[in-house]
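Structure at a glance
If you want the building blocks of each chain, they are given just below.
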Amino acid sequence: MLNIARSVHGPLVGARSVASLFPAGAGALHGVRAAAIVGAYAGAVAVNRSRRARAARKRKRRMDGVEHDLSDEQWAALKAAWGGCAYCGAVDRPLQRDCVLALSRGGRYTLDNIAPACGTCNASKCNAEVTGWLRRKRLDERAFLLRHLEIKAALATGLGSPS
Ligand SMILES: [Zn+2]
């Protein structure tokens, strides 16, 4: 585990040293083939080992394991009901689907757990627990929770909760 950071760069150094064994002009075919193989290997290793790829795979596993039943109609209704970012109230920015209870905390991607959030709030809240995060950001925790409950109730009867 301690060698991960170092070994990420291994294949790149390898690619360079293999390429130097096949200078342009001499054995060009072999050089090209070797460089392609090493390059593909280095690329695959770099992608597999990158933190982003690991996070994406982890997220996919998590998403595959939970129920996702927010329809386009429900999302449109949620945005209309909130009329802006559910957290800061911004009305001039594109809204993203934020899981009030983060997926990593067992939340589901469903009508009663989604709130529209501006990019800033969504990125800032990330996987944080919502009430603690609202308090830290000095946002109105009480107003959010009340509104969230009201909208949940209104949409559950108006649109019919699939679950
Ligand atoms: Zn916001």
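Labelled according to an unreviewed UniProt entry, the protein chain appears under the name HNH endonuclease, originating from Pengzhenrongella frigida.

We now examine the overall build of the protein chain. A count of helices and strands for the protein chain gives eight helices and two strands. Along its sequence from the N terminus, the protein chain presents helices and strands in the succession α-α-α-α-α-β-β-α-α-α. Burial analysis of the protein chain (163 residues in total) assigns 15% to the buried set. For the protein chain, contacts bridging at least 24 residues in sequence account for 62% of all contacts bridging at least 6.

With that settled, the discussion passes to the nonpolar core. The biggest cluster of nonpolar side chains holds 18 residues, and the ones touching the most others in it are Cys85, Ala86, Tyr87, Ala115 and Ala117. Mapped by element, the contributors of at least two residues to this core are helix H5 (72-82), strand S1 (95-99), strand S2 (114-118), helix H7 (130-136) and helix H8 (141-160). It is S2 that provides the largest number of residues to this core, a total of four residues. If near-sequence neighbours (up to four positions away) are discounted, Tyr87 is found in contact with Ala117, Cys121, Leu134, Leu139 and Phe144.

For Gly84, the location among the structural elements is in the loop between H5 and S1. Looking at Gly84, the number of C-beta atoms within 10 Å reads 16, which means it is partly exposed. Sequence separation between Gly84 and Pro116 is 32 residues, and the spatial gap between their C-alpha atoms is 7.1 Å. Apart from residues lying up to four places away in sequence, Gly84 is in contact with Gly89, Ala90 and Val91.

What follows deals with the pairing of S2. Along S2, five of the five residues are buried, which leaves the element largely enclosed by surrounding structure. Because side chains alternate across S2, one face comprises the buried residues Ile114, Pro116 and Cys118, and the other comprises Ala115 and Ala117, equally buried. Pairing of S1 with S2 involves five bridges; the strand directions are antiparallel. Its bridge partner lying in S2, Leu95 is registered against Cys118.

Further remarks concern H5. When we look at burial in H5, the residues that qualify are Gln74, Leu78 and Trp82. Buried residues of H5, viewed axially, fall in a sector of 60°; they line one side. Pointing more than 90 degrees away from the buried face of H5 are the exposed residues Asp72, Glu73, Ala76 and Ala80. Remark: Gly83 follows H5 within two positions and exhibits a positive phi of approximately 70°.

What follows deals with the confidence of the model for the protein chain. Low pLDDT marks stretches whose predicted atomic positions should not be read closely. With 63% of its residues at a pLDDT of 70 or more, the protein chain shows a mean pLDDT of 78. A low-confidence stretch, residues 1-19 (pLDDT under 50), is modelled with 14 contacts involving residues beyond four sequence positions or located in other chains.

This next bit is on unusual backbone geometry. One non-glycine residue with positive phi stands out, namely Cys126, at about 50°. Take Cys126: it is sitting in the loop between helix H6 (119-125) and H7. Phi is positive for Arg138, close to 55°, though the residue is something other than glycine. Residue position: Arg138 is located in the loop between H7 and H8.

This brings us to the environment of Leu155. Position of Leu155 among the secondary structure elements: in helix H8. Leu155 sits in the partly exposed class, given 18 other C-beta atoms within 10 Å. Through-space distance from the C-alpha of Leu155 to that of Ala81 is 8.7 Å; in sequence the pair is 74 residues apart. In this structure, Leu155 is in contact with Gln74, Ala77, Leu78, Ala81 and Leu111, ignoring residues within four places of it in sequence.

Conventions we followed
- Residues numbered from 1 in each chain as written.
- Predicted model: local features only at pLDDT ≥ 70, side-chain atom pairs only at ≥ 80, totals over all residues.
- Helix = DSSP H or I, 4+ residues; strand = E, 2+ residues; numbered from the N terminus.
- Buried ≥ 20, exposed ≤ 12 C-beta atoms within 10 Å, placed from the backbone.
- Contact = placed C-beta atoms within 7 Å.
- Core = buried A, V, L, I, M, F, W, Y, C linked by C-beta atoms within 7 Å.
- Pairing = 2+ DSSP bridges.
- Arc of directions from axis to C-beta.
- pLDDT = per-residue confidence, 0-100.

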